[in-house]
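# Observations on the model geometry
Residue-level listing of the chains:
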Amino acid sequence: MKDNTIVTHAGNHPFDNHGIVNPPVYHASTVLSPTLAARIERSAPVRYGRSGTPTTFALQEAMTALEHAHGTVLAPSGLAAITMALAAFVESGDHILITDSTYTPTRNFANNTLTKLGIEVEYFDPMVGAGIAGQIRNNTRLVWTECPGSQTFDVQDLPAIVKAAHARDVIVMTDNTWSGGYFRKPLDEGVDISVQAATKYIVGHSDVMMGTIACNEATYEQVRASSASFGMSIGPNDVYLALRGLRTIGVRMDRHHESGIKVAQWMQTRPEISRVMHPALPEDPGHEIWKRDFTGASGLFGFVLKETNQDKLAAMMDNMTLHGMGSSWGGYESLLIPNWPEQSRTASAWDVEGQCMRIHVGLEDVGDLIADLEAGLERMNKA
Ligand SMILES: *Cc1c(COP(=O)(O)O)cnc(C)c1O
């Protein structure tokens, strides 16, 4: 079935629950066994609140279908999904490879926590492609990718990385948040684990923290057991909201795609903007790979303001009507923030002159969004 059908129906079993369309929100810790034999056998699907209820199973089932996975493990935030996926596989003495364009808190976890446990962390140039083979060692355990990088939007050649890694029995994981699992199926390309900050497009309404770890058959049980041993548990109301968000991800993503490209093209005509980092633009260095591996683009991309300073930037940013200044993205609303990607790169250069900016193009009318941005640039010019 196609994605729009999957996200509409997957995980719902109305006739298990009086025909009610959506799954109930089960609040549970204790789950009773009907007999001593049943308790000893431990064969009931629902055994304890922490290990899941029909509410969490519904979201897991839907995400498994969307990501073309074998099974999905939930986490209480996107970052927790990342750290759980990594922690499930590494042990002291291992070496791991991480893209230099990764989400900064992922880098911080690797540098601060994994190295403390005796794991050697090395970064690679996001453009490395098949060249990753040169960085794989006998003790390399896994490669962490994020495509495109959520600050600089470099598009990695995941199939080439998978090929080189699998030739050496190295696991490949990807942060698939940008595509929402709607514009890309990493597991179909041989990636072992696709992680999402469901906080972003799955939830889609800026009101819940959640992570998903979609695994192939070879990795699922290890991730499930490891996350369970860490005691990961997700509140049922949050799971319900994530399911509710998921039902409309198709129409939302199509609109983010369309409006994002319109805003990016408009930015290309503006003299204040020296570069637009959006892989759907034919001029973008990642365009060909994006076209091969993705079926669309989300609403998040970057651009560079040619010349500015904090006063000029403040004149623009402090008076925006529709573009809020806030971390995170993937909600229905537009966001705009400055960022400094060069501060978290060690394996590859990022020397762009000017002020990097990151925009999330939301679901508002795109003409209104462009008018808001245009007024902002004029305020900046006058300041
Ligand atoms: C936001 C984000 C995360 C972390 O998600 P949280 O739910 O905020 O913990 C991970 N990866 C990417 C690419 C993100 O943008």
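Residues numbered from 1 in each chain as written. Predicted model: local features only at pLDDT ≥ 70, side-chain atom pairs only at ≥ 80, totals over all residues. Heavy atoms only, no water.

All right, on to the packing of aromatic side chains then. Across all of its chains, the model carries three aromatic pairs by this definition. Judged by centre distance (5.5 Å) and plane angle (85 degrees), the ring pair of W178 and F294 falls under edge-to-face. Here W178, found in the loop between β5 (171–175) and β6 (193–197), pairs with F294, found in the loop between α10 (287–293) and β9 (300–305); they are 116 residues apart in sequence, far enough to count as distant. Here the two residues W178 and F294 agree in accessibility, since each one is buried. Seen in terms of ring centroids, Y182 and F183 are 5.1 Å apart; in terms of plane orientation they differ by 65 degrees. Their pairing is edge-to-face. Among the residues examined, Y182 registers a relative accessible area of 9% and is labelled buried. (Phe/Tyr/Trp six-rings, centres within 6.5 Å; stacked < 30°, edge-to-face > 60°. Helix = DSSP H or I, 4+ residues; strand = E, 2+ residues; numbered from the N terminus. Buried < 20%, exposed > 50% of the residue type's maximum accessible area, 1.4 Å probe, protein only.)

With respect to the helices and strands, R247 occurs in the loop between α8 (236–246) and α9 (249–268). With a relative accessible area of 17%, R247 lands in the buried category. In this structure, the C-alpha to C-alpha distance between R247 and D3, residues 244 residues apart in sequence, is 10 Å. If we ignore the near neighbours within four places in the chain, the residues touching R247 are I6, V7, T8, H9, A10, G11 and N12. Only 2.9 Å separates the side chain of R247 from the backbone oxygen of A10, close enough to count as a polar contact. (Contact = heavy atoms within 4.5 Å. Polar contact = N/O pair within 3.5 Å; in protein donor to acceptor, adjacent residues only side chain to side chain.)

Neighbouring strands of a sheet are bound in pairs by backbone hydrogen bonds; such pairs are parallel or else antiparallel. Spatial strand order, β1-β7-β6-β5-β4-β2-β3: seven strands in an open sheet with mixed pairing. Edge positions in the sheet fall to β1 (71–75) and β3 (120–124), since each of these pairs with one other strand and no more. Averaged over neighbouring strand pairs, the angle between their axes works out to 20 degrees when direction is ignored. By the bridge criterion, five bridges tie β1 to strand β7 (residues 211–215) in an arrangement that is antiparallel. In the sheet register, A75 faces β7, and the bridge partner there is G211. Sheet strands in contact with helix α3 (residues 54–66) are β1, β6 and β7, and its direction is about 125 degrees off that of β1. (Pairing = 2+ DSSP bridges. Axes fitted to C-alpha atoms, helices over the stretch in contact; angles between N-to-C directions.)

Here we come to the domain arrangement of the protein. Domains assigned within the protein are domain 1 (3–246) and domain 2 (250–382). Taking the mean C-alpha position of each, domain 1 and domain 2 sit 27 Å from one another. When the two sides are added together, the surface that domain 1 and domain 2 hide from each other amounts to roughly 3,300 Å², 57% of it contributed by carbon and sulfur. When the buried surface of domain 1 facing domain 2 is broken down by residue, W178, F183 and Y201 rank first, second and third, together holding 27% of it. Summed over the shared surface of domain 1 and domain 2, the result is three salt bridges. Of the charged contacts, one joins R292 and D157 as a salt bridge, the two residues approaching to 2.7 Å between their closest N and O atoms. Counting across the interface, domain 1 meets domain 2 through 24 residue pairs in polar contact (both at pLDDT 80 or more). (Domains from an automatic or database assignment. Buried area = accessible area lost by both parts, 1.4 Å probe. Salt bridge = Lys/Arg side-chain N within 4 Å of Asp/Glu carboxyl O.)

Here the focus is α9. The end-to-end C-alpha distance of α9, which contains 20 residues, comes to 28 Å, matching closely the 28 Å that a straight helix rising 1.5 Å per residue would cover. What α9 keeps buried is the set I249, G250, R252, M253, H256, S259, G260, I261, V263, A264, W266 and M267. In this structure, the buried side of α9 is in contact with α1 (3–9), α8, β8 (273–277), β9, β11 (355–360) and α12 (366–382). (Expected span 1.5 Å × (residues − 1).)

Once that is clear, we can look at the pairing of β6. Buried residues dominate β6, accounting for five of its five residues. Here β6 shows no split at all, with I193, V195 and A197 on one side and S194 and Q196 on the other all buried. Here β5 runs beside β6; their pairing, made up of three bridges, is parallel. When the sheet's bridge partners are listed, D175 is paired in β6 with V195. Alignment of β6 against β7, held across five bridges, turns out to be antiparallel. Bridge pairing in β7 places S194 opposite A214.

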